[in-house]
2 protein chains.
Amino acid sequence: MSFPKRVTIVEVGPRDGLQNESEIIPTPIKIEFIHQLAAAGLSVIEATSFVSKKWVPALADGSDVLPALNQHAGVRYPVLVPNETGLNAALAAGAKDIAVFTTPSETFSMKNTNCTVADSLARMKTVITQAKHAGCRVRAYISCVLGCPYEGDILPDSVAAMAYALMNDGCDEISLGDTIGVGTPGKTLALLETVMKKVHRDQLAVHFHDTYGQALVNIYVALQCGIATIDSAVAGLGGCPYAAGASGNVATEDVVYLLNGMGIETGVNLEKLIAAGRFIAKKLGHPPRSRVNAAFGDK
Amino acid sequence: MSFPKRVTIVEVGPRDGLQNESEIIPTPIKIEFIHQLAAAGLSVIEATSFVSKKWVPALADGSDVLPALNQHAGVRYPVLVPNETGLNAALAAGAKDIAVFTTPSETFSMKNTNCTVADSLARMKTVITQAKHAGCRVRAYISCVLGCPYEGDILPDSVAAMAYALMNDGCDEISLGDTIGVGTPGKTLALLETVMKKVHRDQLAVHFHDTYGQALVNIYVALQCGIATIDSAVAGLGGCPYAAGASGNVATEDVVYLLNGMGIETGVNLEKLIAAGRFIAKKLGHPPRSRVNAAFGDK
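Analysis parameters
Residues numbered from 1 in each chain as written. Chains lettered and ligands numbered in written order. Predicted model: local features only at pLDDT ≥ 70, side-chain atom pairs only at ≥ 80, totals over all residues. Heavy atoms only, no water. Contact = heavy atoms within 4.5 Å. Buried area = accessible area lost by both parts, 1.4 Å probe. Salt bridge = Lys/Arg side-chain N within 4 Å of Asp/Glu carboxyl O. Polar contact = N/O pair within 3.5 Å; in protein donor to acceptor, adjacent residues only side chain to side chain. Helix = DSSP H or I, 4+ residues; strand = E, 2+ residues; numbered from the N terminus. Disulfide = S-S within 2.5 Å. Buried < 20%, exposed > 50% of the residue type's maximum accessible area, 1.4 Å probe, protein only. Pairing = 2+ DSSP bridges. Axes fitted to C-alpha atoms, helices over the stretch in contact; angles between N-to-C directions. pLDDT = per-residue confidence, 0-100. Least-squares fit on C-alpha atoms with pLDDT ≥ 70 in both. Expected span 1.5 Å × (residues − 1). Arc of directions from axis to C-beta.

Caption draft 1: Structural view of the interface of chain A and chain B. The partner chain B presents 33 residues to the 33 residues of chain A that form the contact. For the pairing of chain A and chain B, the buried interface totals around 2600 Å² over both sides, and the portion due to carbon and sulfur atoms is 60%. The largest per-residue losses of area from chain A upon contact with chain B belong to Tyr212, Tyr257 and Arg291 of chain A, which jointly make up 27% of the total buried on that side. The tally of links from chain A across to chain B stands at two salt bridges. Notably, a salt bridge pairs Arg291 of chain B with Asp210 of chain A, separated by 3.3 Å at the nearest N-O pair. At the surface where chain A touches chain B, the tally comes to seven residue pairs in polar contact (both at pLDDT 80 or more). If you list the elements that add at least two residues to the side of chain A that touches chain B, you get helix H8 (185-195), helix H9 (215-224), helix H10 (252-261) and helix H12 (291-295) of chain A.

Following this line, the structure appears as structure tokens:
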């Protein structure tokens, strides 16, 4: 076991979270929410996306949110882009960090982005090249790494090959996404060991959804592998529209509690984080989906 | 890492769960609930307690529940007893398995059982001796092993010494209870390693509450230590009246999902377990507090 001394949390609440909530949040509230997250000490906050308004109406205001942020020094504000059109809109709005996404599942690729895996990779290569040319840092999400709602099991080797190809295309980081939350420790370990043969652990992040309550235990397995970048969403925002149940991303509060207990630094102030989670949950009209946030309820 | 091939789940929903729910369940419903749990393949079901009705009104009907069960061959139905009076009532009702409880926290001991730790241990010794004389199997719970709501940190050495003393008194098994759910992996590992120097892992069980969402990751640490007995409550029933938040015991559904994914046998049928959790949650008037149970919502 070689736990990292410090972990970078990639807060995906404003993007992956709000994208999948049923309530659409007004632009000024999103901006305030992101400011609260930065004030809580998060150093990477995925701020919005530049995906077609038709597909993601909840984030149709990306071009308004990003330029309006009072960006903190030392904080990165990546945005999600699906294609060249999205990249151009993101760059026009001042994006310096972008994230792209693809998946090794043919069926999920067709249903989610209406193209084959090969076409998706070609499209990503173009976007990555242009983004790097524009001076951006680029992260790539690989979805459904531990299971696909249509195809079931996904081969670790196919995830590893895709991660390797994306790094060769110029990506700075790969985020491995258990989009439907079906992973358990044995499969997670097998996946990470396979991918780490192709991509160094310092370039890997893990992205777990808590659909079946397994997110923290999978994160622990990743920590045991020395992976030091963890995606999460405050208040457990979001979810996957293709996954059963109401659970979304693993809650940042629960991850920070875990890491605090293990003596691993995050730079995050848990009380301020809890307050930010309550702020956005109130706007969404439901309680925070975080055990830690609930447990601090009467303090 | 040496994971056990098979895990015994000790289902504590009918006792530790219902004891702490605000709704009191009628006797026939409790009996039906326990029958459903046995039909789901659980081999140890803590059925009720013989504690003063004044303190635990929700389980005042222990003497009616236990004799009315259609006991399955191969299933054990332990009951909780606090003292000789409780033991005698349990034996009169036909109990063959009993559980006692104590804690190394002086303050928790005074608040929970109105006696010092030394007095509690003396009382337990009497009960254990009499129960063994009556041919019972005896489990002892040690509460607050990873933190006390009044005293904060608890020394692993004091837990280990108490576990050793209880085994010397004749107990068959020690269940280590994180009563307020504050444990995280590093502290859990340190505790288990300390206790295992005094008591063999085959005689140890772990009992986690999911107050801060850390239960499964702590269970994973216990599995890595080779511990093969895990307490849980279907639908995440119960809680601790002294702990913040609404979370109770770790949900049996979530534990079974974890173990299924790891290829560790439990003998439990997950679908039947989910049905039992929904049955009792409906009677209690709230949704099951299990991610897995919620995720199976639309199936």
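Caption draft 2: Inspection of the environment of Glu151 of chain A at higher detail. Residue and element names in this part refer to chain A. Mapped onto the secondary structure, Glu151 falls in the loop between strand S6 (137-142) and helix H7 (156-168). Spatially, the C-alpha atoms of Glu151 and Ile31 are 38 Å apart, while their sequence positions differ by 120 residues. When neighbours within four sequence positions are excluded, Glu151 is seen to be in contact with Ser105, Glu106 and Thr107. In this structure the side chain of Glu151 is engaged in a polar contact, spanning 2.5 Å, whose partner is the side chain of Thr107.

Caption draft 3: Structural view of the state of the cysteines. Under the definition given, this model contains zero disulfides over all chains. Cys115 of chain A forms no disulfide, and the closest cysteine sulfur to it belongs to Cys144 of chain A, at a distance of 14 Å. The thiol of Cys148 of chain B is not disulfide-bonded; the next cysteine sulfur, from Cys144 of chain B, is found 4.8 Å away. Using a relative accessible area of 5% as the deciding quantity, one classes Cys148 of chain B as buried.

Caption draft 4: Geometry of the sheet that holds strand S5 (residues 97-102) of chain B. Residues and elements named next belong to chain B. Read from one edge to the other, the open sheet built from nine strands follows the order S2-S1-S9-S8-S7-S6-S5-S4-S3, with strand pairing classed as parallel. Either end of the sheet is taken by a strand with one partner, and the two such strands are strand S2 (44-45) and strand S3 (48-49). Note: strand S6 (residues 137-142) against strand S7 (residues 173-178), four bridges, orientation parallel. Of the residues in S7, the one forming a bridge with Ile142 is Leu176. Helix H6 (residues 117-133) rests against S5 and S6 of the sheet, and its axis sits at about 170° to S5. Set on the sheet, helix H10 (residues 252-261) makes contact with strand S1 (8-11) and strand S9 (229-232); between it and S1 the angle comes to about 175°.

Caption draft 5: View of the confidence of the model for chain A. Mean pLDDT over chain A: 94, with 96% of residues reaching 70 or higher. Scored by ipTM, the complex comes to 0.93, with pTM at 0.95.

Caption draft 6: Broad picture of the relation of the copies chain A and chain B. For these two chains of identical sequence, chain A goes onto chain B by a turn of 180° and a shift of 0.0 Å along the axis, with RMSD 0.0 Å. Read as a symmetry element, the transformation amounts to a two-fold axis. Minimal C-alpha distance to the rotation axis in chain A is attained by Val217 of chain A, lying at 2.2 Å. Counting the interface residues of chain A, we find that 100% of their copies in chain B are interface residues as well, pointing to one common contact surface.

Caption draft 7: Main features of unusual backbone geometry. With a phi angle near 65°, Ala235 of chain A is a residue other than glycine that sits in the positive phi range. Exposure remark for Ala235 of chain A: the relative accessible area of 0% places this residue in the buried category.

Caption draft 8: Expanded view of the side chain of Arg139 of chain B. All names here are of chain B. Structurally, Arg139 is set in strand S6. At 2.7 Å, the side chain of Arg139 forms a polar contact with the side chain of Glu173. Sequence-distant contacts of Arg139, defined by excluding residues within four places in its chain, comprise Val10, Ile98, Ala99, Val100, Glu173, Ser175, Ala205, Thr229 and Asp231.

Caption draft 9: Broad picture of the pairing of strand S1 (residues 8-11) of chain A. Residues and elements named next belong to chain A. Pairing analysis gives four bridges linking S1 to strand S9 (residues 229-232), with the strands arranged parallel. When the sheet's bridge partners are listed, Val10 is paired in S9 with Asp231. Here two bridges tie S1 to strand S2 (residues 44-45), and the two strands are oriented parallel to one another. The residue of S2 that forms the bridge with Val10 is Val44.

Caption draft 10: Just helix H7 (residues 156-168) of chain B, in detail. Residue and element names in this part refer to chain B. Taking 1.5 Å as the rise per residue, H7 with 13 residues should run 18 Å; its terminal C-alpha atoms sit 18 Å apart, in good agreement. Taken residue by residue, H7 has Val159, Ala160, Met162, Ala163, Leu166 and Met167 as its buried positions. For H7, the angular spread of the buried residues around the axis is 165°, confining them to a single face. Away from its buried face, by an angle of more than 90 degrees, H7 presents the exposed residues Asp157 and Asn168. Where the residues of H7 are buried, they touch S5, H6, S6, S7 and helix H8 (185-196).

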